[in-house]
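Breakdown of the fold
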Amino acid sequence: MTTQFLNSADGTLAYDDVSSGRLIICVPGMGDLRQEYRFLSPHLVNAGYRVVTMDVRGHGESSTGWSDYGIAAIGSDILALIAHLNAGSAIVVGTSMAAGAAAWAAVEQPNKVSGLLLLGPATSDDPLPIYMRILMQVLFIPLWGVTAWGMYYSSLFPTHKPADFTTYRQKLLANLREPGRFAALHAMLNSSHKPSAESVAKINVPTFIVMGTKDPDFKDPVAEANWLAEQTQGTVLIVDGAGHYPHVEMIEQTAQPIVDFLKTIEVAHVS
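First things first, this report covers the structure right here in the doc. (Residues numbered from 1 in each chain as written. Predicted model: local features only at pLDDT ≥ 70, side-chain atom pairs only at ≥ 80, totals over all residues. Heavy atoms only, no water.)

Regarding the overall build of the protein
To keep things clear, this is the line we draw: A run of H or I in DSSP counts as a helix once it spans at least four residues, and a run of E counts as a strand once it spans at least two, with each numbered from the N terminus. Throughout, radius of gyration means the C-alpha value; the globule benchmark is 2.2 Å times the number of residues raised to the power 0.38. Residue burial is assigned from relative accessible area. The probe radius is 1.4 Å, only protein chains are included, and a residue is buried under 20% of its type maximum, exposed over 50%, and partly exposed in between. Residue contacts are counted whenever heavy atoms from the two residues lie within 4.5 Å of one another. Counted as positive: Lys and Arg. Counted as negative: Asp and Glu, with His and the chain ends omitted from the count. Charge positions are represented by NZ for Lys, CZ for Arg, CG for Asp and CD for Glu.
A count of helical and extended segments in the protein gives 11 helices and eight strands. In summary, the protein has a C-alpha radius of gyration of 17 Å against a globular reference of 18 Å for 271 residues, a match within 12%. Principal axes of the C-alpha set define a box for the protein whose edges measure 55 × 40 × 35 Å. Counting across all 271 residues of the protein, residues that qualify as buried make up 57%. Taking the intrachain contacts of the protein between residues at least 6 apart in sequence as the baseline, contacts between residues at least 24 apart amount to 74%. Charge centroids of the protein, computed over 17 positive and 25 negative side chains, lie 3 Å from each other.

Right, dumping it as structure tokens:
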């Protein structure tokens, strides 16, 4: 697959564009690559969708040196990519912090976002317990930050690691060692979740929230998911035993409910 690029005055975004049909934009969480969706994407393509997976600014094959790595900035990249693809509105899939960016985008330009799939969503003001935020700031400094991130990343799969976990983790860490990439991650870690927290109650598109019961990023993952569902008038899939990446760790339990949700948007769109 040939990487495609969207150029702007501030930098370059890398993305893959697969198949045809209704447009879905998949946005990985911070510190991850667009290949995060390697298991979910084939299910979406088989269901008849055009699947575009993007690297967030500073990550993967996207450029470094952006002036802003916050949620609204990533949300603006999502909207820019939708406009660039010129295929009408898109269903936006976001993981963790990118779920917050997707929520922001849906409120900022509701005519461009027709539905939201939020995976392990970090959208409230302080999604991490205080002790974890302090620990992350101490651990994730440049001297040993990439190694610490690798350890943290492993903890996000508490029940089942995918067969390619070791190879994928090596690729992810190698990317973070490239100049400017860990600085981008560190800037995201320090950014505020206020833009997404202020957006969620204003969302007016179908929203599906997928949360693992063992997601270590939340003190009470189920309560977090239910809070977000109440704010967005959305629905929730709780995946027993899954961590922060239920669509990677337990694709067998998540793929079909996700496709079923997408089909409900399709019906509403037609009607």
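Focus on the pattern of salt bridges
Which entries qualify depends on this criterion: For salt bridges, the criterion is a side-chain nitrogen of Lys or Arg within 4 Å of an Asp or Glu carboxyl oxygen.
Enumeration according to the criterion identifies eight salt bridges in this entry. The residue Asp77 makes a salt bridge to Arg57 at a minimum N-O spacing of 2.7 Å. Of the two residues, Asp77 is situated in helix α2 (residues 71-85) and Arg57 in the loop between β4 (49-54) and α2; the sequence distance between them amounts to 20 residues. The exposure class of Asp77 is buried, given its relative accessible area of 6%. Judged by relative accessible area, which is 5%, Arg57 ranks as buried. Residues Glu198 and Lys194 are paired through a salt bridge, measuring 3.8 Å at the closest nitrogen-oxygen approach. Highlighted residues: Glu198 and Lys194, both in helix α8 (residues 194-199), separated by four residues, approximately one helical turn. The partly exposed category is assigned to Glu198, whose relative accessible area is 45%. Judged by its relative accessible area of 46%, Lys194 falls in the partly exposed class.

Description of unusual backbone geometry
Of note in the backbone geometry, Ser19 takes a positive phi value of approximately 70° without being a glycine. Note that Ser19 resides in the loop between β2 (12-18) and β3 (22-27). Positive phi outside glycine occurs at Asn86, with the angle close to 55°. Mapped onto the elements, Asn86 comes out in the loop between α2 and β5 (90-95). Judged by relative accessible area, which is 69%, Asn86 ranks as exposed.

As for the packing of helix α5 (residues 145-155) against helix α6 (residues 165-176)
For any two helices packed against each other, the geometry comes down to the angle between their axes and how far apart the axes lie. Threshold: Whenever a helix is involved, its axis is fitted only over the stretch in contact; in every case the axis is a line through C-alpha atoms, and angles between N-to-C directions fall within 0 to 180 degrees. Put simply, a crossing is left-handed when the front helix is turned counterclockwise from the back one by less than a right angle, and right-handed when it is turned clockwise. Each residue is assigned to one class: nonpolar for Ala, Val, Leu, Ile, Met, Phe, Trp, Tyr, Cys and Pro, charged for Asp, Glu, Lys and Arg, and polar for all the others, Gly among them.
The contact between α5 and α6 brings their axes to 10 Å, and the two run at 150°. Between α5 and α6 lies a crossing whose hand is right-handed. Contacts from Val146, Trp149, Gly150, Met151, Tyr153 and Ser154 of α5 reach α6 at Phe165, Tyr168, Arg169, Leu172, Leu173 and Leu176. Of the residues belonging to the contact of α5 with α6, the class tally is nine nonpolar, two polar and one charged.

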